[in-house]
Amino acid sequence: MTALAEPLLVHASRSLPRYTSYPTALAFQPAPDDTLTRDWLGAIQPTDALSIYVHVPFCERLCWYCGCHTSVPNGYDRIADFLGHLARELDLWSDALPPHAGAAHVHFGGGSPNSLTAADFTDLMTSIAHRFTLRPGAEVAVELDPGHLDSDFARGLGATGVTRASLGVQTFDPEVQRQVNRIQPFERVEAAVGDIRRGGVEAINFDMMYGLPGQTPDNVAASLTTALSLVPDRVALFGYAHVPWMKKHQSMIRHQDLADVAGRWSQAEAAEAVLLAHGYIRIGMDHFAHPGDPMAAQLANGGLRRNFQGYTDDPAAVLIGLGPSAISAFPQGFSQNASRVDQWAMAVKRGQLPVSRQLATTREDRLRGAVIERLMCSLEVDVESVCTDHGYAVSTLDDELESARTLMAAGLCAVSGRRIRVSPELSRLVRVVAACFDHQAAPPSARHSLAI
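Residues numbered from 1 in each chain as written. Predicted model: local features only at pLDDT ≥ 70, side-chain atom pairs only at ≥ 80, totals over all residues. Heavy atoms only, no water.

A. Structural detail: the packing of helix α9 (residues 217–228) against helix α10 (residues 261–277). Following both chains from N to C, one finds α9 and α10 inclined at 30°, their axes separated by 8 Å at the closest point. Here α9 lies roughly parallel to α10, going by the angle between them. Where α9 crosses over α10, the handedness of that crossing is right-handed. Packed against α9, whose contacting residues are Pro217, Val220, Ala221, Leu224, Thr225 and Leu228, the element α10 presents Ser266, Gln267, Ala270, Ala271, Val274 and Leu275 at the interface. (Axes fitted to C-alpha atoms, helices over the stretch in contact; angles between N-to-C directions. Helix = DSSP H or I, 4+ residues; strand = E, 2+ residues; numbered from the N terminus. Parallel < 35°, antiparallel > 145°, perpendicular 65-115°, else oblique. Left-handed = near helix turned anticlockwise from the far one by under 90°. Contact = heavy atoms within 4.5 Å.)

B. Spotlight on the packing of helix α3 (residues 77–96) against helix α4 (residues 118–132). Two numbers describe how α3 lies on α4: the axes approach to 10 Å, and their chain directions differ by 10°. Taken together, α3 and α4 sit at an angle that is classed as roughly parallel. On α4, the residues that touch Leu83, Leu86, Leu90, Asp91, Trp93, Ser94 and Asp95 of α3 are Asp120, Leu124, Ser127, Ile128, Arg131 and Phe132. Residue composition of the contact of α3 with α4, by class: 7 nonpolar, 2 polar and 4 charged. (Nonpolar A, V, L, I, M, F, W, Y, C, P; charged D, E, K, R; others polar.)

C. Here's a closer look at the sheet that holds strand β18 (residues 414–416). An order of β17-β19-β18 is seen for the 3 strands of this open sheet, with the pairing classed as antiparallel. The two strands at the open ends of the sheet, each matched to only one other strand, are β17 (380–382) and β18. Neighbour-to-neighbour, the strand axes of the sheet open up by a mean angle of 10°, direction not taken into account. Relative to strand β19 (residues 419–421), β18 runs antiparallel, the two being bridged by 3 bridges. Within the sheet, the bridge partner assigned to Val415 lies in β19 and is Ile420. Set on the sheet, helix α13 (residues 363–378) makes contact with β17 and β19; between it and β17 the angle comes to about 145°. (Pairing = 2+ DSSP bridges.)

D. Highlighting the side chain of His242. Assignment of secondary structure puts His242 in the loop between β8 (234–239) and α10. A polar side-chain atom of His242 sits 2.6 Å from a polar atom in the side chain of Tyr240. For His242, the residues in contact, after removing those within four places along its chain, are Gln250, Ile253, His255 and Leu258. (Polar contact = N/O pair within 3.5 Å; in protein donor to acceptor, adjacent residues only side chain to side chain.)

E. Structural detail: the environment of Arg197. Here Arg197 is to be found in helix α8 (residues 186–198). We classify Arg197 as partly exposed; its relative accessible area is 33%. In the structure, Arg197 is positioned 41 residues away from Phe238 in sequence and 25 Å away in space, judged by C-alpha atoms. Ignoring anything within four residues of it in the chain, the contact list for Arg197 reads Glu202, Ile204, Leu230, Val231 and Pro232. (Buried < 20%, exposed > 50% of the residue type's maximum accessible area, 1.4 Å probe, protein only.)

F. Local environment of the pattern of salt bridges. In this structure the tally under the stated criterion is 26 salt bridges. Between Asp286 and Arg18 there is a salt bridge, with the nearest N and O atoms lying 2.4 Å from each other. Highlighted residues: Asp286 in the loop between β9 (281–283) and β10 (287–289) and Arg18 in the loop between β1 (15–16) and β2 (29–30), separated in sequence by 268 residues. The partly exposed category is assigned to Arg18, whose relative accessible area is 30%. Here Asp145 and Arg182 are joined by a salt bridge, their closest N and O atoms 3.3 Å apart. You can see Asp145 sitting in the loop between β5 (134–144) and α5 (151–155) and its partner Arg182 sitting in the loop between α7 (174–179) and α8, a full 37 residues away along the chain. Through salt bridges with shared partners, a single network forms among Glu139, Arg164, Arg234, Asp293 and Asp313. (Salt bridge = Lys/Arg side-chain N within 4 Å of Asp/Glu carboxyl O.)

G. Layout of the pairing of strand β7 (residues 203–210). Of all 8 residues in β7, 8 are buried, a share of seventy percent or more. The alternating pattern of β7 places Ala203, Asn205, Asp207 and Met209 on one face and Ile204, Phe206, Met208 and Tyr210 on the opposite face, and all of these are buried. Relative to β7, strand β6 (residues 164–170) is paired through 6 bridges, and the arrangement is parallel. The residue of β7 that forms the bridge with Gly168 is Asp207. Note that β7 and β8 share 6 bridges and pair parallel. Bridge pairing in β8 places Phe206 opposite Val235. Following the chain from β7 across α9 to the adjacent parallel β8, one finds a crossover that is right-handed. (Right-handed = clockwise from strand over helix to strand, strands pointing away.)

H. Layout of the nonpolar core. Ranked by internal contacts, the top residues of the largest apolar core, which has 121 residues, are Phe132, Leu167 and Ile420. Considering every element that reaches this core, the biggest residue donor is α3, with 8 residues. (Core = buried A, V, L, I, M, F, W, Y, C linked by side-chain atoms within 4.5 Å.)

I. A look at helix α2 (residues 35–42). Among all positions of α2, only Thr37, Trp40 and Leu41 are buried. Viewed along the axis of α2, the buried residues span an arc of 100°, placing them on a single side of the element. Of the surrounding secondary structure, the elements contacted by the buried residues of α2 are α3, β13 (318–322), β14 (327–330), β15 (333–337) and β16 (355–360). (Arc of directions from axis to C-beta.)

J. Molecular detail of the side chain of Arg368. As for its placement among the helices and strands, Arg368 is situated in helix α13. Note on Arg368: relative accessible area 6%, which makes it buried. Polar side-chain contacts of Arg368 include one of 2.9 Å to the backbone oxygen of Phe437. With near-sequence residues (within four places) excluded, Arg368 lies in contact with Tyr22, Leu397, Glu400, Phe437, Asp438 and His439.

K. Quick look at the environment of Gly102. Summarising the element assignment, Gly102 is placed in the loop between α3 and β4 (103–110). Sequence separation of Gly102 and Ala138 is 36 residues, and the distance between their C-alpha atoms is 9.3 Å.

L. Inspection of the pairing of β4 at higher detail. Buried residues dominate β4, accounting for 8 of its 8 residues. In the sheet, strand β3 (residues 50–56) pairs with β4 via 7 bridges, with the strands oriented parallel. Across the sheet, residue Leu50 finds its bridge partner in β4, namely Ala103. A crossover connection joins β3 to the parallel β4 through α3; in handedness this β-α-β unit is right-handed. Bridging between β4 and β5 involves 5 bridges; their strand directions are parallel. Within the sheet, the bridge partner assigned to Phe108 lies in β5 and is Val142. Note on the crossover from β4 through α4 to β5: the handedness is right-handed.

Such coordinate-based values are descriptive only and should not be taken to indicate function.
Structure follows, in structure tokens:
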């Protein structure tokens, strides 16, 4: 394991973006209407493939660590009402699209998409497939809460077209589960995985966490070992971000029950050691995959990407976000739906795309974003080559390269000429290096998570 030396401790304590986009969502500005987004939609070419994201803002339980846009519906009426508006929103986006090459990826996130009934989920998937036209071999992924996953829902996923299921496991330690209000014994998760696979969905992802109250390197490693007995194809290893000033329910977690930065590092190291020992490939700063997984293949050939769902093998340049808070991405910029369900629904009722924030990107934004994405995905980047590819002088980002060189003393990266490389052993600190190319990175925001 790599010890967290004092120079690294300073950087690991920084609050930084996760760089799922550049510029990040904090740079988005209020949108007066949907005109700009419609202009971007109109520029889509017949050869452009689409990626679709659907945000379901409901969960059967509220986990105290959660940072998502979600709520407990307390009955199905709110969900049924939401689905009515979502169907109308789906029509609005579809009607605004010119001819395109169909949807290559569909991702259902939340919240918990399995808060829907199996019948409603099937109807929603059918509508998306009809309105956006699924490409042959399209990946359809769904995030699931295994603690509240109905067996009929799970077994029916394959028949709806789902090809990948992502389960929020987080931890198997019963005391940690109790402290974060997410009780789900191993047997429950095991049964869910079995039901999903029997239904024809072969690809399984697990989300695991460190930094939760009561976690230690030992019980984090034990949870990973238990999780890997179910042979997931991918594992995302996330650090808990404690922001009770933003997410009030996180006040149920006491700050004094959380490990410090050095403790979080030790927990992450313990988890990573288990994953590597089981043959998983490190993907960027927080993902791991079987060597035969498509994400590992894209890492090897330089095609790994990063979007609002994290690391992805999805090459689509256009991402359409449906549902409250969902973000859409275009070559020209970003737009985000209203986060409040009522405001989102009102816009849909008016016949408007429910866009509340947006940002048109500049050529320089796209240059910087390309450097940051390559660092985040490959842990290395030839800045000179990226500048050339984007029509800039090779010296354009030399000041940023000098900033990166100042990190060499701490061992965070190596800079040779205009090439930067981050050691895989320090991959979870790659955001520190990426921030050198973010001209909006200062001052730090309390809405960003710790670098570790």
